[in-house]
Protein chains: 2
Amino acid sequence: MTNSKEDLILQTAENMIRESGYNSFSFRKVAEKVGIKSASVHYHFPTKGELAEAVTKRYTENFIQAIGQPQDLHASGKNPIDVYIAAFRGAIVADNGVCLGGMLGAEVGSLPDDVIKATRTFFLRNVEWLEEAYQCLNYKGDINAKAKQTVSLLEGAMIISNVMKDISYFDSSAELLT
Amino acid sequence: MTNSKEDLILQTAENMIRESGYNSFSFRKVAEKVGIKSASVHYHFPTKGELAEAVTKRYTENFIQAIGQPQDLHASGKNPIDVYIAAFRGAIVADNGVCLGGMLGAEVGSLPDDVIKATRTFFLRNVEWLEEAYQCLNYKGDINAKAKQTVSLLEGAMIISNVMKDISYFDSSAELLT
DNA sequence: GTCTATAATTTGATAGAC
DNA sequence: GTCTATCAAATTATAGAC
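Quantities reported herein were computed from a predicted structural model and do not represent experimental measurements.

## Remarks on the interface of chain A and chain B
Taken together, the contact between chain A and chain B spans 40 residues of the former and 40 residues of the latter. Summed over both partners, the interface of chain A with chain B comes to about 3,500 Å²; 66% of that surface belongs to carbon and sulfur atoms. For the pair chain A and chain B, the number of links is zero salt bridges. Applying the counting rule to chain A against chain B returns 12 residue pairs in polar contact (both at pLDDT 80 or more). Put simply, the parts of the chain that give the side of chain A that touches chain B at least two residues each are α1 (4-20), α7 (100-106), α8 (113-136), α9 (143-164) and α10 (168-175) of chain A. When residues of the side of chain A that touches chain B are assigned to their parent elements, the largest contribution, 15 residues, is made by α9(A). A breakdown of the residues in the side of chain A that touches chain B according to their chemical character gives 16 nonpolar, 15 polar and nine charged.

## Here's the deal with the environment of L111(B)
Residues and elements named next belong to chain B. As for its placement among the helices and strands, L111 is situated in the loop between α7 (100-106) and α8 (113-136). Measuring from C-alpha to C-alpha, the distance between L111 and A39 comes to 22 Å, with 72 residues separating the pair along the chain. Discounting chain neighbours no more than four positions away, the residues touching L111 are Y22, L104 and I116.

## Regarding the protein's contact with DNA strand C
Near DNA strand C you find 19 residues, and of these K5(A), K37(A), S40(A), H44(A) and K48(B) are the closest. What you see for DNA strand C is that sugar and phosphate hold 56% of its atoms within 4 Å of the protein. Here a phosphate oxygen of DNA strand C and a side-chain polar atom of S40(A) are 3.0 Å apart. Contributing elements (two or more residues each) for the surface near DNA strand C: α3 (38-44) of chain A together with α2 (27-34) and α3 (38-44) of chain B. For the surface near DNA strand C, a count of residues per class yields seven nonpolar, six polar and six charged.

## A short note on the protein's contact with DNA strand D
The full set close to DNA strand D counts 18 residues, and R28(A), K48(A), K5(B), K37(B) and H44(B) are the nearest of them. At 2.9 Å from a phosphate oxygen of DNA strand D is found a side-chain nitrogen or oxygen belonging to S40(B). Among the elements of the structure, α2 (27-34) and α3 of chain A together with α3 of chain B are those that each provide at least two residues to the surface near DNA strand D. A class-by-class count of the residues in the surface near DNA strand D yields six nonpolar, six polar and six charged.

## Focus: the packing of α8(A) against helix α9 (residues 143-164) of chain B
Contact geometry for α8(A) and α9(B): axes closest at 9 Å, N-to-C directions at 125°. What the angle tells us is that α8(A) and α9(B) run oblique. Of the two possible hands of crossing, α8(A) and α9(B) adopt the one that is left-handed. Residue-level inspection shows T119(A), R120(A), F123(A) and L124(A) of α8(A) in contact with α9(B), the latter providing I160(B), V163(B) and M164(B). Looking at the contact of α8(A) with α9(B) residue by residue, the classes come out as five nonpolar, one polar and one charged.

## Structural notes on α9(A)
Residue and element names in this part refer to chain A. A rise of 1.5 Å per residue sets the reference length of α9, with its 22 residues, at 32 Å; its end C-alpha atoms lie 31 Å apart and thus fit the reference within 8%. Judged by how many residues are buried, α9 sits mostly within the fold: 21 of 22 residues are covered. The backbone nitrogen of N144 lies 3.1 Å from a side-chain oxygen of the residue at the head of α9, namely D142. Looking one or two residues beyond α9, the residue adopting positive phi is K165, at roughly 50°.

## Let's talk about the relation of the copies chain A and chain B
For the pair chain A and chain B, the relating rotation is 180°, the translation along its axis is 0.0 Å, and the fit reaches an RMSD of 0.0 Å. On this basis, the relationship between the two copies can be described by a two-fold rotation axis. Residue by residue, 100% of the interface of chain A is reproduced at the interface of chain B, so both copies engage with the same surface.

Thresholds applied
Residues numbered from 1 in each chain as written. Chains lettered and ligands numbered in written order. Predicted model: local features only at pLDDT ≥ 70, side-chain atom pairs only at ≥ 80, totals over all residues. Heavy atoms only, no water. Contact = heavy atoms within 4.5 Å. Buried area = accessible area lost by both parts, 1.4 Å probe. Salt bridge = Lys/Arg side-chain N within 4 Å of Asp/Glu carboxyl O. Polar contact = N/O pair within 3.5 Å; in protein donor to acceptor, adjacent residues only side chain to side chain. Helix = DSSP H or I, 4+ residues; strand = E, 2+ residues; numbered from the N terminus. Nonpolar A, V, L, I, M, F, W, Y, C, P; charged D, E, K, R; others polar. Near = heavy atom within 4 Å. Axes fitted to C-alpha atoms, helices over the stretch in contact; angles between N-to-C directions. Parallel < 35°, antiparallel > 145°, perpendicular 65-115°, else oblique. Left-handed = near helix turned anticlockwise from the far one by under 90°. Expected span 1.5 Å × (residues − 1). Buried < 20%, exposed > 50% of the residue type's maximum accessible area, 1.4 Å probe, protein only. Least-squares fit on C-alpha atoms with pLDDT ≥ 70 in both.

Just distances and angles here, no functional claims.
Structure representation (structure tokens):
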């Protein structure tokens, strides 16, 4: 079982990073929202880089786990790509921000090394998942390319939908995959 | 004719925002690179928001002007979509950053209103351009959707290529449009 | 684990000399 | 137009009490 306070810090930091980016969130803002002081946040996560790294790893695990295994989805009659698209779309509507991977990917030029590494892992895991999904669907063609296209399209669509405050950028883009 | 010093400030700020984001660049860093003091940057652009707004407007004009009119490209035997893709690709390779629109789009949660407005204009102009391009190509189907798909795909591909330091994300993604 | 207090640095921005 | 000087605020991070 996970430590509840640390998890609250991670969730709060995740929301802030996804809304405004790594360079915009701070220990004080996270602490204020959690209801403790910034020094207490440092107790759990000594540096900003370590906090963001933990956020990214947690986000990756949660995301991959939330969508489930492509094989299982396919076996139960669902199209795994539709599930993947729905997971992205839900994040736009529910939260007020973009995908953590997309945000950190854009900001890579000002990120600590360990956060960059964790961000790359997020995308590698996503491409892996999508490759399995397209394999399930018996996709004819370059599966690796198709996986990269899928994640690229949805990340871009999410970011533009977010700034335009117009979900049709996402929905119109997602149509390309069906 | 444009003021050379102001243009140098704008270009420097653009490079920094595209590499690390709005929240990571500062008057002092821009000034240092230009070879003046931060107070002198404030003389040209009183606030950070005004500077970023000017950067975004300049970037938009430069980008649209650089790729040319879709009709002209088509008339001279070029596929305007290929030109558009090449313009994006060139920016990844030449500069060490992503598209300004994609960066600011991700960071929208921490941007001054005027910068958000300028960023939206960038995307509207891009979609407009792409709609004209697909019209030239006699594209059958929803032209607005196709334009949104195109810009979403390339923005996402650019951001992921940048963080993965792997241009194949961009090239594989661009294949989807041909 | 959380707090107060504080250090060291950076930030956006302004006043006023030249 | 550019400079020096400065300010008020925010930042990451640490020391030490409780």
